[in-house]
Structure formats: structure tokens, C-alpha cells
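Residues per chain are reported as follows:
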Amino acid sequence: YLALLLILSRFVIKGGLAGAAVYMAYDQGLLGSGVQGAEALKKAQEALPPAIQEWTNYFGWEVRSLPPTPKFDFSPSNSWNKGVQTVMSALSVAPTRACECTVEGWKYVKELVK
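Here the structure is a predicted model, which is why all the values come from computation and not from measurement.

Draft legend 1. A look at a nonpolar patch on the surface. A contiguous nonpolar patch, built from Val22, Tyr23, Met24, Tyr26, Leu30 and Leu31 and spanning about 700 Å² of accessible area, is present on the exposed surface. For Tyr26, a relative accessible area of 60% puts it in the exposed group.

As C-alpha cells, this is what we get:
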């Protein structure tokens, strides 16, 4: 009985943590569009140094100078758009390339048979 209770409590705790993580990601806009993701990244970059300073003060650690947060020149929406354009471009030329490869294959087979 105790083992079942322990297993069930672990399951509930892990499920609650996973649900909370998904909710926080949704609440911060990480599961939205690329623009929302970029805004969430900017907010995180702005909030990280003060949060670290607050925790070091809370624990009494002395941090003389924190390294600056890395600057990312990254736009999720632009990356997403570039990926979609690349995939659509490849799909649009796929039939032509398949025909070309088929013709070349038949020529190769004919040369082998001769």
C-alpha cells in the first residue's frame, strides 16, 4: 500500500511540474508566434542580470562584476520564414529534379546494357 502511494505521489509531483513548465512557457509567449518568441527573449535578457544580483544579495555572495549577458542577433520569425521559404523552394523544384534524375538513370542503365 505504501509503495503504491509513493509511486502515485511521484507521478502527481512530476505531472504537476511538467504542467507548470508548459503553462509558464505558454504564459511567457514561447509557444506563440515568432514575434512573441522574440519578445520573450528580449524580456529574459533584460530580467536576467537583476535577478542574478538579487539572488546573490539574498545568499550573501559577493559578486564584483557580472559578465554582460550575451547579445543575440537572432530573430525567430526571420529564421522561421527562411526555413519555410527553403522548404517551399525545394518542393517546387522537386518534380523537375525527379524527372531529370529519372532521365539520367535511364541513360546510365542503357549504357550499362550496351
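Further notes follow.
Draft legend 2. Seen up close, the pattern of salt bridges. According to the stated counting rule, one finds one salt bridge in the structure shown. For Glu100, the salt bridge goes to Arg97, with nearest N and O atoms at 3.1 Å. With Glu100 and Arg97 both in helix α3 (residues 76–113), this residue pair falls three residues apart, about one helical turn. For Glu100, a relative accessible area of 36% gives the class partly exposed.

Draft legend 3. Fine view of helix α2 (residues 34–59). The terminal C-alpha atoms of α2 lie 37 Å apart, and with 26 residues this matches the ideal 38 Å at 1.5 Å per residue to within 8%. Among all positions of α2, only Gly37, Ala38, Ala40 and Thr56 are buried. Directly after α2, the chain includes Gly60, whose backbone phi takes a positive value near 80°.

How each quantity is defined
Residues numbered from 1 in each chain as written. Predicted model: local features only at pLDDT ≥ 70, side-chain atom pairs only at ≥ 80, totals over all residues. Heavy atoms only, no water. Patch = residues over 30% accessible without salt bridge, like charges linked within 9 Å, V, L, I, M, F, W, Y side chains within 5 Å. Areas by Shrake-Rupley, 256 points an atom, 1.4 Å probe, with all protein chains shown as cover. Salt bridge = Lys/Arg side-chain N within 4 Å of Asp/Glu carboxyl O. Buried < 20%, exposed > 50% of the residue type's maximum accessible area, 1.4 Å probe, protein only. Helix = DSSP H or I, 4+ residues; strand = E, 2+ residues; numbered from the N terminus. Expected span 1.5 Å × (residues − 1).

That is the geometry; function is a separate question.
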